[in-house]
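# Observations on the three-dimensional arrangement
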Amino acid sequence: MNHWGGAVEPALVGYVGSTWLSAPLFAEQRNLSDGGSSMVQQYASQPPARKRRRWPLVLGVLGVVFFAGVGGCAAILGSVGNEVDKAVQQQNDRGAPRAVTLGKAFTIGNHETLAGWKVTNEAGMFSVAAKVRNVSDTTSTAFLHVKLLSAAGEVLGNVQCNSGDLEPGQTETLNCIPDGSFGTFQKLTAEATF
């Protein structure tokens, strides 16, 4: 490049016939015109090596790093969101009513209602006699809602039960509040209420 920013033309050094020739062509022409006897050193004029632009490469690398970072953040946020969804679903499942069988053990949330529990008649109302065990790793209080249903799905009684604070592995008899007129029932559901 010349100092004006334009391309550099090869130097014209000789005049042959009516045409000015560059150094290599002039030397070749002189050599041919001598019959090949003169020793003229030929210099190949090579165009200057073109510099590659680096900014596209730098921009490409930065783009890849940016998108990898965004993808990594999205993956982390997605996994955190998934764990939150699981925790919420677990909480919802814990409080959802489920069918239980009279006398058989069942676990809801952090508490296992032990086998041998029964529905009793307490002053003409439904009540529940049961023991619970804390199956978690932390101190916890049981709050249990037992629903007594007819074959048609009519609610005959709702019994609310609770325990005191239980350390991990401790067992306690539930304190239950009777409800509904005692009679024949077909189905039982239980759910945690807290």
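Structure report, in brief. Nothing here was measured: the structure is a model prediction, and the numbers come from that model.

The subject of this paragraph is the pairing of strand S8 (residues 131-134). Because side chains alternate across S8, one face comprises the buried residues Val132 and Asn134, and the other comprises Lys131 and Arg133, none of which is buried. Judged from the 3 bridges that link them, strand S5 (residues 111-113) and S8 form a sheet pairing that is antiparallel. Across the sheet, Thr113 pairs through a bridge with Val132, a residue of S8. Relative to strand S11 (residues 171-173), S8 runs antiparallel, the two being bridged by 3 bridges. Residue Lys131 lies in a different strand from S11, and its bridge partner there is Thr173.

In total, this model carries 4 aromatic pairs according to the counting rule given. Arranged with centres 5.6 Å apart and planes meeting at 75 degrees, the rings of Phe106 and Trp117 form a pair that is edge-to-face. Here Trp117 lies in the loop between S5 and strand S6 (118-122) and Phe106 lies in strand S4 (residues 106-108), a separation of 11 residues in the sequence. Residue Phe106 shares its accessibility class with Trp117, and that shared class is buried. Centre to centre, the rings of Phe126 and Phe185 are 5.9 Å apart; their planes meet at 80 degrees, and the pair counts as edge-to-face. Here Phe185 lies in the loop between strand S13 (179-181) and strand S14 (187-192) and Phe126 lies in strand S7 (residues 125-129), a separation of 59 residues in the sequence.

Moving on: the nonpolar core. Trp117, Val128, Leu144, Val159 and Leu174 are the most contacted members of the largest nonpolar core, which has 21 residues in total. Contributions of two or more residues to this core are made by S4, S7, strand S9 (140-149), strand S10 (155-166) and S14. Of the residues forming this core, the biggest block, 4 residues, is contributed by S9. Contacts of Leu174, omitting those with residues within four sequence positions, involve Ala130, Lys131, Val132, Ala142, Leu144, Cys161, Asn162 and Ser163.

Take the sheet that holds strand S3 (residues 98-99) next. Read across the sheet, 5 strands follow the order S3-S14-S9-S10-S12 without closing on themselves; strand pairing throughout is antiparallel. Each edge of the open sheet carries a strand with a single partner, namely S3 and strand S12 (175-177). Alignment of S9 against S10, held across 9 bridges, turns out to be antiparallel. The partner of Leu144 across the bridge, within S10, is Cys161.

It is worth spelling out unusual backbone geometry at this point. Phi at Ala123 takes a positive value of approximately 55 degrees, unusual for a residue other than glycine. Mapped onto the elements, Ala123 comes out in the loop between S6 and S7. Accessibility expressed as a relative area gives 78% for Ala123, which makes it exposed.

Conventions used here
- Residues numbered from 1 in each chain as written.
- Predicted model: local features only at pLDDT ≥ 70, side-chain atom pairs only at ≥ 80, totals over all residues.
- Heavy atoms only, no water.
- Buried < 20%, exposed > 50% of the residue type's maximum accessible area, 1.4 Å probe, protein only.
- Helix = DSSP H or I, 4+ residues; strand = E, 2+ residues; numbered from the N terminus.
- Pairing = 2+ DSSP bridges.
- Phe/Tyr/Trp six-rings, centres within 6.5 Å; stacked < 30°, edge-to-face > 60°.
- Core = buried A, V, L, I, M, F, W, Y, C linked by side-chain atoms within 4.5 Å.
- Contact = heavy atoms within 4.5 Å.

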